[in-house]
Amino acid sequence: TIKFVGTGEKMDAFDVFHPSRMADRILGMGDIVSFVERAQEQFDVEEAKRLQKKMAKNKFDYNDFLEQIGQIKKMGNIKDIVGMIPGLNKVTKDMDINDDAFKGIEAMIYSMTPKERSNPDLVSNSQSRRNRIAKGSGRSVEEVNRLLKQFDQMKQMMKQLKNGNFKMPF
């Protein structure tokens, strides 16, 4: 009888074996149940409430963004996580999703001062700050600008969710 299945190369990459879930993964149908279970293991109710209050006040900042990245990273390998979501597993099947995808973003955010992290407009409104962040993180100014744009898009999406009129960006 099979009790566990390895889902990665590290010692913590073991899941309880469920034949129907494995069959769904093999057939490309995803495994949303395992995805939800993994998310629940990492979910912090108090942190979610705190973040919800900040979102309601439109005060989401780079410190919160770093915390969200940390939560995602705790869930495990990005490609495995995306593979559990029905429909996305077919799209990402041939893509090379690097586990280090967040390292550049984290480096840019850690290159910001604590004041800049808690007040995103300081960076958005200053070319010299963006240049300093790029140099400090070993990234280009274009990558810093891309991060700022993505952060603003995410804030807009959260604002739309709060107001109940969310529209898909594509």
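Just above sits the structure.
Fair warning: this is a prediction, and the values are worked out from it, not measured in the lab.

### A word on the overall build of the protein chain
Here comes step 1: Secondary structure summary: the protein chain contains eleven helices and two strands in total.
Here comes step 2: Walking the protein chain from its N terminus toward its C terminus, one meets helices and strands in the order β-β-α-α-α-α-α-α-α-α-α-α-α.
Here comes step 3: Evaluated residue by residue, the protein chain yields a buried proportion of 29% over its 170 residues.
Here comes step 4: In the protein chain, of all internal contacts separated by at least 6 residues, the share reaching a separation of at least 24 is 51%.

### Quick look at the nonpolar core
One broad trend across soluble globular proteins is that nonpolar side chains are buried collectively.
Here comes step 1: In terms of nonpolar packing, the biggest core is built from 19 residues, with Tyr62, Phe65, Ile105, Ile109, Met112 and Leu147 touching the most fellow members.
Here comes step 2: Elements represented by at least two residues in this core include exactly helix H4 (62-74), helix H7 (103-110), helix H10 (127-137) and helix H11 (141-163).
Here comes step 3: Considering every element that reaches this core, the biggest residue donor is H11, with six residues.
Here comes step 4: Not counting residues up to four positions away in its chain, the partners in contact with Ile109 are Tyr62, Phe65, Leu66, Arg117 and Leu147.

### Details of the packing of H4 against H7
Here comes step 1: Where H4 meets H7, the axes come as close as 11 Å, and the angle between the chain directions of the two elements is 150°. On the basis of their axis angle, the class for H4 and H7 is roughly antiparallel. Crossing geometry of H4 relative to H7 is assigned as left-handed. Two secondary-structure elements touch here, H4 through Tyr62, Phe65, Leu66, Ile69 and Lys73 and H7 through Ile105, Glu106, Ile109 and Tyr110.

### Focus on the pattern of salt bridges
Here comes step 1: Evaluation of the coordinates by the stated rule reveals three salt bridges.
Here comes step 2: Arg132 serves as the salt-bridge partner of Glu116, at 2.3 Å between the closest nitrogen and oxygen. Note that Glu116 is positioned in helix H8 (residues 114-118) and Arg132 in helix H10, a separation of 16 residues in sequence.
Here comes step 3: Glu116 sits in the buried class, given a relative accessible area of 0%.
Here comes step 4: When the shortest N-O distance is used, the salt bridge between Glu143 and Arg139 registers 3.4 Å.
Here comes step 5: Look at Glu143 and you get partly exposed, because its relative accessible area is 23%.

### As for the packing of aromatic side chains
Here comes step 1: For the structure on display, the rule yields two aromatic pairs.
Here comes step 2: When the ring of Phe65 is compared with that of Phe151, the centres are 5.8 Å apart and the planes differ by 65°; the resulting orientation is edge-to-face. Taken together, the residues span a long stretch of sequence, with Phe65 in helix H4 and Phe151 in helix H11 at a distance of 86 residues.
Here comes step 3: For Phe151, a relative accessible area of 0% puts it in the buried group.
Here comes step 4: A network of ring pairs unites the aromatic residues Tyr62, Phe65 and Phe151 as a single cluster.

### Concerning a nonpolar patch on the surface
Here comes step 1: Together, Phe4, Met11, Phe14 and Val16 give the surface a local cluster of nonpolar side chains, amounting to about 490 Å² of exposed area.
Here comes step 2: Note that Phe4 resides in strand E1 (residues 4-6).
Here comes step 3: According to the relative accessible area criterion, Phe4 is exposed, its value standing at 55%.

### Quick notes on H4
Here comes step 1: Given a rise of 1.5 Å per residue, 13 residues ought to cover 18 Å, and the 18 Å separating the end C-alpha atoms of H4 matches this to within 8%.
Here comes step 2: Turning to H4, its buried residues are Tyr62, Asp64, Phe65, Leu66 and Ile69.
Here comes step 3: One side-chain oxygen at the N-terminal end of H4 lies 3.0 Å from the backbone nitrogen of Asn63; it belongs to Asp61.

Rules used throughout
- Residues numbered from 1 in each chain as written.
- Predicted model: local features only at pLDDT ≥ 70, side-chain atom pairs only at ≥ 80, totals over all residues.
- Heavy atoms only, no water.
- Helix = DSSP H or I, 4+ residues; strand = E, 2+ residues; numbered from the N terminus.
- Buried < 20%, exposed > 50% of the residue type's maximum accessible area, 1.4 Å probe, protein only.
- Contact = heavy atoms within 4.5 Å.
- Core = buried A, V, L, I, M, F, W, Y, C linked by side-chain atoms within 4.5 Å.
- Axes fitted to C-alpha atoms, helices over the stretch in contact; angles between N-to-C directions.
- Parallel < 35°, antiparallel > 145°, perpendicular 65-115°, else oblique.
- Left-handed = near helix turned anticlockwise from the far one by under 90°.
- Salt bridge = Lys/Arg side-chain N within 4 Å of Asp/Glu carboxyl O.
- Phe/Tyr/Trp six-rings, centres within 6.5 Å; stacked < 30°, edge-to-face > 60°.
- Patch = residues over 30% accessible without salt bridge, like charges linked within 9 Å, V, L, I, M, F, W, Y side chains within 5 Å.
- Areas by Shrake-Rupley, 256 points an atom, 1.4 Å probe, with all protein chains shown as cover.
- Expected span 1.5 Å × (residues − 1).
- Polar contact = N/O pair within 3.5 Å; in protein donor to acceptor, adjacent residues only side chain to side chain.

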